[in-house]
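What follows is the residue order along each chain.
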Amino acid sequence: MDKSDERYGCYVAILEEELVCAMGCTEPIAIAYAAARARELLGARPDRLAVSACGSIIKNAKSVVVPHTGGLKGIEAAAAAGVVAGRPECELEVIAEVGEDDVEAIVAYLAETPIEVECAPGCADFDIVVRAFAEGADAPHHEVLVHIADYHTNVVREERDGAVVFDAPTAAAAGEATGFADRSLLTMEGIWDFAMTCDLGDVRHLVDRQAACNDRIADEGLSGDWGANIGRVMLGAYGDDVKVRACARAAAASDARMSGCELPVVINSGSGNQGITVSVPLVVYARELGSADDQLRRALVLSNLVAIHQRAGIGRLSAFCGAVCAGAAAGAGIAYLDGGGYEDAVHAVVNALSIVAGMVCDGAKASCAAKIAFSVNAGILGYVMYRDGQQFYGGDGIVKKGVENTIDSVAQLGREGMRATNEEIIKIMLGS
């Protein structure tokens, strides 16, 4: 793909937007970010907080450990961490630089400060509102509001004492996703062309950081005691051939991350688990196959963009498990590393989606690691099927003739078909 092609600059911009560092699960971190912004706007540590969020945010923040909180879970812990120790200028690494004294202060603040949490009915698929109140007897009373919508760091409104300080349209109001390069330019054919021919100098820093960060947390996941230790269980039960290692190391990285490991992850489509899934298995295969560094880089470009392409039609949050798209994308990257061409990559994606498209998201927690392992396995199987002369065809369930049509089918399933499923999952999780 020539640099003069409008898609070239767009694809680079998409990777720059999506491959960013995050400390902790991104939904509670978005709450911490909003709370840190609220404290800054208030000009004091709040005496009371109120967090209102859509069901999907609550689903993903309810059961996951927040880093640097002494093992605390949930929305209240995330908000408290953001207030006490958050650095809003660091965005998704808002609570990355927290000392031991800060951890004690977070625990104390959480114990002594009222924090109300509400599941907001009828709001957008990604919506967080944090209200902070200064109500001390010896100080003036103030109230601030910070509203995040559409994606994790997209502040669309700030208020202080009822006066609007900042206001921007949400995607719903604008009729499109705001602040992003045009995802409609992504196609499997275009992604393959870009990944195979791009100037790696334009993307090297992004994919190298992703490979290094995500491989490091995989090491920690296997060496420490995190979550359900899915990676170690898999290696103990199934051996250590390359396929098992690819699944196990990705699972181990997720187990560490879901359990509050204080290492950053480079994300994909707003998700650390998806960032892990599109990258860690490729690092494993590149080592096994003796791939050159630049081959791994091109594989990572391919895998990341394929995952983003799939998620663009579904949206940031859904009942459709994001590991499915990421695992299919990893299959495409592994196909390339193994010497496969465009058709191998395309059929890896289609076959993998056909295998695990029914996997639902019931929030961020320990079992995400196992879902990642099975999604990566589906991606690998999808590739191996086609390599060995087998595939699923248009008309087999939701599979359509042509990879773009299949991706559109999955997008429709995740965006529209699973809307009621998502609501039911949230009801079950909240006990209502």
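Rules behind the numbers
- Residues numbered from 1 in each chain as written.
- Predicted model: local features only at pLDDT ≥ 70, side-chain atom pairs only at ≥ 80, totals over all residues.
- Heavy atoms only, no water.
- Helix = DSSP H or I, 4+ residues; strand = E, 2+ residues; numbered from the N terminus.
- Polar contact = N/O pair within 3.5 Å; in protein donor to acceptor, adjacent residues only side chain to side chain.
- Contact = heavy atoms within 4.5 Å.
- Pairing = 2+ DSSP bridges.
- Expected span 1.5 Å × (residues − 1).
- Buried < 20%, exposed > 50% of the residue type's maximum accessible area, 1.4 Å probe, protein only.
- Axes fitted to C-alpha atoms, helices over the stretch in contact; angles between N-to-C directions.
- Parallel < 35°, antiparallel > 145°, perpendicular 65-115°, else oblique.
- Nonpolar A, V, L, I, M, F, W, Y, C, P; charged D, E, K, R; others polar.
- Core = buried A, V, L, I, M, F, W, Y, C linked by side-chain atoms within 4.5 Å.
- Left-handed = near helix turned anticlockwise from the far one by under 90°.
- Phe/Tyr/Trp six-rings, centres within 6.5 Å; stacked < 30°, edge-to-face > 60°.

Novice: Would you explain the side chain of Arg298 in this entry?
Specialist: Considering the arrangement of structural elements, one finds Arg298 in helix H12 (residues 293-314). In this structure the side chain of Arg298 is engaged in a polar contact, spanning 3.1 Å, whose partner is the backbone oxygen of Cys198.

Novice: Where do I start with the environment of Ile57 in this structure?
Specialist: Position of Ile57 among the secondary structure elements: in helix H3 (residues 55-61). In the structure, Ile57 is positioned 369 residues away from Ile426 in sequence and 9.9 Å away in space, judged by C-alpha atoms. Here Ile57 is in contact with Glu27, Ile31, Phe126, Asp127, Ile128 and Leu317, once residues within four sequence places are set aside.

Novice: What should I look at first to understand the pairing of strand E6 (residues 155-160) in this one?
Specialist: Remember that side chains alternate between the two faces of the sheet whenever the strand is regular. Bridge analysis of strand E5 (residues 142-149) against E6 gives five bridges, and the strand direction is antiparallel. If you follow Val146 over to E6, its bridge partner there is Glu158. The turn joining E5 and E6, which pair antiparallel and follow one another in sequence, is formed by five residues; a positive phi near 80° is taken by Asp150. In terms of strand pairing, E6 meets strand E7 (residues 163-167) through four bridges, oriented antiparallel. Its bridge partner lying in E7, Glu159 is registered against Val164. Connecting E6 to the next strand, E7, in antiparallel fashion are two residues, including Asp161 with a positive phi near 50°.

Novice: Honestly, helix H1 (residues 6-18) in this entry has me stumped. Any pointers?
Specialist: Side chains that are three or four residues apart share a direction in an α-helix, a result of its 3.6 residues per turn. For H1, built from 13 residues, the straight-helix expectation of 18 Å at 1.5 Å per residue is met to within 8% by its first-to-last C-alpha distance of 19 Å. Residues Tyr8, Cys10, Tyr11, Val12, Ile14, Leu15 and Glu18 constitute the buried set of H1. Tucked inside the fold, the buried residues of H1 contact helix H7 (188-197), helix H8 (204-223) and H12.

Novice: Would you take a moment to explain the environment of Arg311 for this structure?
Specialist: By secondary structure assignment, the location of Arg311 is in helix H12. Judged by relative accessible area, which is 5%, Arg311 ranks as buried. Placed 287 residues apart in sequence, Arg311 and Gly24 show a C-alpha to C-alpha distance of 21 Å. Residues within four places of Arg311 in sequence aside, it is in contact with Ser269, Gln274, Arg316, Leu317, Ser318, Phe320, Cys321, Gly322 and Cys325.

Novice: What's the story with the sheet that holds strand E3 (residues 115-119) in this structure? I'm lost.
Specialist: Strand order in the open sheet made by the six strands is E3-E2-E4-E5-E6-E7, with mixed pairing throughout. The strands lining the two open edges of the sheet, one partner per strand, are E3 and E7. Strand-to-strand, the axes of this sheet are offset by a mean angle of 15°, without reference to chain direction. Packed on one face of the sheet, helix H2 (residues 26-42) meets strand E2 (48-53), strand E4 (127-134), E5, E6 and E7 and runs near 145° to E5.

Novice: Sorry, what's going on with the packing of helix H9 (residues 230-238) against helix H10 (residues 242-258) here?
Specialist: Between H9 and H10, the least distance of the axes is 7 Å, while the angle of their chain directions is 155°. Classified by the angle between their axes, H9 and H10 sit roughly antiparallel to one another. Residues Ile230, Gly231, Met234, Leu235 and Tyr238 of H9 touch H10, and the partners they reach there are Val244, Arg245, Cys247, Ala248, Ala251, Ala252 and Asp255. Per-class residue counts for the contact of H9 with H10 are nine nonpolar, one polar and two charged.

Novice: Help me understand the nonpolar core in this model?
Specialist: Nonpolar side chains in soluble globular proteins tend to end up buried together. Formed by 95 residues in total, the largest nonpolar core has its most connected members in Tyr11, Phe194 and Leu305. For this core, the leading source of residues is helix H13 (residues 322-337), giving 11 residues. With residues near it in sequence (within four places) discarded, Leu305 still touches Tyr11, Ile14, Leu15, Leu186, Ile191 and Phe194. Within the second largest apolar cluster, 47 residues are counted, among which are Val66, Ala79, Val84 and Ala134.

Novice: Hey, could you run me through the packing of H12 against H13 in this one?
Specialist: The geometry of a pair of packed helices is captured by two quantities: the angle between their axes and the separation between those axes. Two elements in contact, H12 and H13, have axes separated by 8 Å at closest approach and are oriented at 150°. Here H12 lies roughly antiparallel to H13, going by the angle between them. Read as a crossing pair, H12 and H13 show a hand that is right-handed. Each of Gln295, Leu296, Arg298, Ala299, Leu302, Ser303, Val306, Ala307, Gln310, Arg311 and Ile314 in H12 lies in contact with H13, whose residues at this interface are Gly322, Cys325, Ala326, Ala328, Ala329, Ala330, Ala332, Gly333, Tyr336 and Leu337. Of the residues that constitute the contact of H12 with H13, the class distribution is 14 nonpolar, five polar and two charged.

Novice: Would you mind going over the environment of Gly70 with me for this structure?
Specialist: By secondary structure assignment, the location of Gly70 is in the loop between H3 and helix H4 (75-85). Sequence separation between Gly70 and Ala218 is 148 residues, and the spatial gap between their C-alpha atoms is 21 Å.

Novice: Please clarify how the packing of aromatic side chains should be interpreted in this entry.
Specialist: The description of an aromatic ring pair uses the distance of the two centres, along with the angle that the planes make with each other. This structure, assessed with the given rule, holds five aromatic pairs. Arranged with centres 5.1 Å apart and planes meeting at 70°, the rings of Tyr8 and Phe194 form a pair that is edge-to-face. Pair noted here: Tyr8 is in helix H1 and Phe194 is in helix H7, with a separation of 186 residues, a long-range link. Exposure class is identical for Tyr8 and Phe194. Each is buried. Measuring from centroid to centroid gives 6.1 Å for Trp192 and Tyr336, while their planes differ by 85°, and the two rings are edge-to-face.

Novice: Could you clarify how one ought to interpret H7 in this entry?
Specialist: Within H7, burial applies to Met188, Gly190, Ile191, Trp192, Phe194 and Ala195. Next to the buried residues of H7 lie H1, H12, H13, helix H14 (342-356) and helix H16 (403-417).

Novice: Sorry if this is basic, but what is going on with unusual backbone geometry here?
Specialist: Note: most peptide bonds trans; most residues except glycine with negative phi. Although it is not a glycine, Asn229 sits at a positive phi angle of roughly 50°. Its place among the elements puts Asn229 in the loop between H8 and H9.

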